[in-house]
Amino acid sequence: MKNITKLSDKRRKLHIGKLAAVVLFSAALGSFTTVSSYNGTLVANPLTTRIAHADSAQTQTPTEPYQYFSTSTSTGDSQLNANGYASLTQGQTNQYGYVTSLSKLDFNHDFTVSGNLYFGSKQDGGDALNILFSHENPAKTLTAASSTGGFLGMDGLSDSFGLVFDEHYNSDSVYGDFQNRQFWQLDRTDPVVSWRTTNDNGDLNSNARIDNGLAFASAKSQDPDAQVVSMNPQMIDGNAHPFTINYNASTSTVTISVADNSYSAALGRSQQLVYSNTGATSSSTWTRTISAADKANGLYLSFAGVTGEARANRFAVTLSAAYNLAYASNDKTNK
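Given the structure is predicted, the values throughout are model-derived calculations rather than measurements.

Our next topic: the packing of aromatic side chains. Within the structure shown, the criterion is met by 13 aromatic pairs. Considering the side-chain rings of phenylalanine 107 and tyrosine 247, the 4.9 Å spacing of their centres and the 75° angle between planes classify their relative orientation as edge-to-face. Here phenylalanine 107 is found in the loop between β7 (96–101) and β8 (111–118), whereas its partner tyrosine 247 is found in strand β15 (residues 241–248), with 140 residues between them in sequence. Each member of the pair, phenylalanine 107 as well as tyrosine 247, carries the same accessibility label: buried.

A full pass over the atoms with the stated rule returns two salt bridges. With a closest N to O distance of 3.2 Å, aspartate 177 and arginine 196 form a salt bridge. Placement of aspartate 177 in the loop between β10 (161–166) and β11 (192–197) and of arginine 196 in strand β11 is noted, with a sequence separation of 19 residues between them. Each member of the pair, aspartate 177 as well as arginine 196, is classed as buried.

Now for the nonpolar core. Ranked by internal contacts, the top residues of the largest apolar core, which has 44 residues, are Val113, Leu117, Ile131, Phe133, Phe165 and Phe303. When contributions to this core are tallied by element, the ones reaching two or more residues are β8, β9 (128–134), β10, β11, β15, β16 (253–257), β18 (300–306) and β19 (316–323). Core analysis: the next-biggest nonpolar cluster, separate from the first, contains 12 residues, Tyr96, Ala128, Leu132 and Ala304 among them.

In terms of burial, β8 is a largely internal element, seven of the eight residues being buried. Across seven bridges, β8 lies against β15 in antiparallel orientation. Looking across to β15, one finds that leucine 117 is bridged to histidine 241. Strand direction decides the pairing type here: β8 and β19, joined by seven bridges, are antiparallel. In the strand pairing of β19, leucine 117 is matched with valine 317.

A few words on the side chain of lysine 295. Its place among the elements puts lysine 295 in helix α2 (residues 292–297). Buried charge without a partner: lysine 295 forms no salt bridge, and the closest opposite charge is aspartate 110, 7.9 Å away. Separated by 3.2 Å, the side chains of lysine 295 and serine 252 make a polar contact. Here lysine 295 is in contact with Phe107, Asn108, Tyr247, Ala249, Ser252 and Ile290, once residues within four sequence places are set aside.

This part is about the sheet that holds β15. The strand order across the open sheet built from six strands is β6-β19-β8-β15-β16-β17, with neighbouring strands paired in antiparallel fashion. Two strands in the sheet have a free side with no partner beyond their single neighbour: β6 (85–87) and β17 (285–289). In this sheet, neighbouring strand axes are inclined to one another by 20° on average, regardless of whether the strands run parallel or antiparallel.

With respect to the helices and strands, asparagine 170 occurs in the loop between β10 and β11. With 20 residues separating them along the chain, asparagine 170 and glycine 150 place their C-alpha atoms 6.5 Å apart.

Moving on, we come to the environment of glutamate 309. The residue glutamate 309 is located in the loop between β18 and β19 in this model. Each C-alpha atom of the pair glutamate 309 and glutamine 92 lies 8.8 Å from the other, and the pair is 217 residues apart in sequence. In this structure the side chain of glutamate 309 is engaged in a polar contact, spanning 3.3 Å, whose partner is the side chain of asparagine 94.

On to unusual backbone geometry, then. Omega for the peptide link from glycine 126 to aspartate 127 comes to 10°, which places this bond in the cis form. The topology assignment puts aspartate 127 in the loop between β8 and β9. Positive phi is not limited to glycine here, since leucine 152 has a value of about 65°. Look at glutamine 227: it is not a glycine, yet its phi comes out positive at around 55°. Overall, glutamine 227 belongs to the buried group, its relative accessible area being 10%.

What follows covers the pairing of strand β5 (residues 69–73). Looking down a regular strand, the side chains alternate between one sheet face and the other. In terms of residue burial, β5 counts as a mostly covered element, since five of its five residues are buried. Burial along β5 is two-sided: the residues Phe69, Thr71 and Thr73 and Ser70 and Ser72 are all buried. As defined by bridge partners, β5 adjoins β7 across five bridges and the pair is classed as antiparallel. Pairing of serine 72 across the sheet is with tyrosine 98, part of β7.

Conventions adopted
- Residues numbered from 1 in each chain as written.
- Predicted model: local features only at pLDDT ≥ 70, side-chain atom pairs only at ≥ 80, totals over all residues.
- Heavy atoms only, no water.
- Phe/Tyr/Trp six-rings, centres within 6.5 Å; stacked < 30°, edge-to-face > 60°.
- Helix = DSSP H or I, 4+ residues; strand = E, 2+ residues; numbered from the N terminus.
- Buried < 20%, exposed > 50% of the residue type's maximum accessible area, 1.4 Å probe, protein only.
- Salt bridge = Lys/Arg side-chain N within 4 Å of Asp/Glu carboxyl O.
- Core = buried A, V, L, I, M, F, W, Y, C linked by side-chain atoms within 4.5 Å.
- Pairing = 2+ DSSP bridges.
- Lys, Arg positive; Asp, Glu negative; His and termini not counted.
- Polar contact = N/O pair within 3.5 Å; in protein donor to acceptor, adjacent residues only side chain to side chain.
- Contact = heavy atoms within 4.5 Å.
- Axes fitted to C-alpha atoms, helices over the stretch in contact; angles between N-to-C directions.

In structure tokens:
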């Protein structure tokens, strides 16, 4: 990725309140110390992981999405049930939770995943929800120190990318957050949706705002492909908000749609900003092209929710439908 600035390591020493919920394709995270295995449930520290029963025929079209994903949280209180629902965070500080594909997914064929996202109910809460693509399984690598708050559930994953619904602005100089605000808001910052990425060392790349002296919506971002859009604050209501992930193998393009993110200005609610100079073309749809290497090797898909030091939100996800999912043929993980 061009023109993306590596963030300073000093951010690792800061503890700034920020919550995040994410849908994630990710690379492997550290290692667990497994202490028990019972009826398909692995208990490990620091995470508790409950593995859904996977279809033994890895290439069959799934009829039940929960069979292809596992759930790992920092408390062990969450599990993906037969309805495809999983709680990612429980409204407590410095938590993280992941719903992750059991193995890397095959990107040589079209597929679709759909369901609902839950962004909590605290309007000034956080931190974020992340739909994440990665080479490593985050539930086996990440810890609270590298994934909560402003780290968005992805810091430490090499060359990963995720569509982040970021409810809490931390810092552009430390975490690379995009400051989404109107000209009259001064230091206030509204929630934002954008692509976030990591470099080959797993460091979170900057998505800092670059003003050009023109209208506020004409600002650029440090990542020129971030596709920055204002997040609809009305989605932070504790209710379900539908999403769809479509992958087109012929164009190697992932398209994520969240229709509820579109909104109009109203009393007490700012105008929605679609930052076209960051590559954004819609208030409710985001696209990303998969590299040839990722298409050949496959990626994990994860939904991540993270909280920070204060005003922690409850993030959750429901996977209600999945079509044509298959595991990458060259991935031996969990097989």
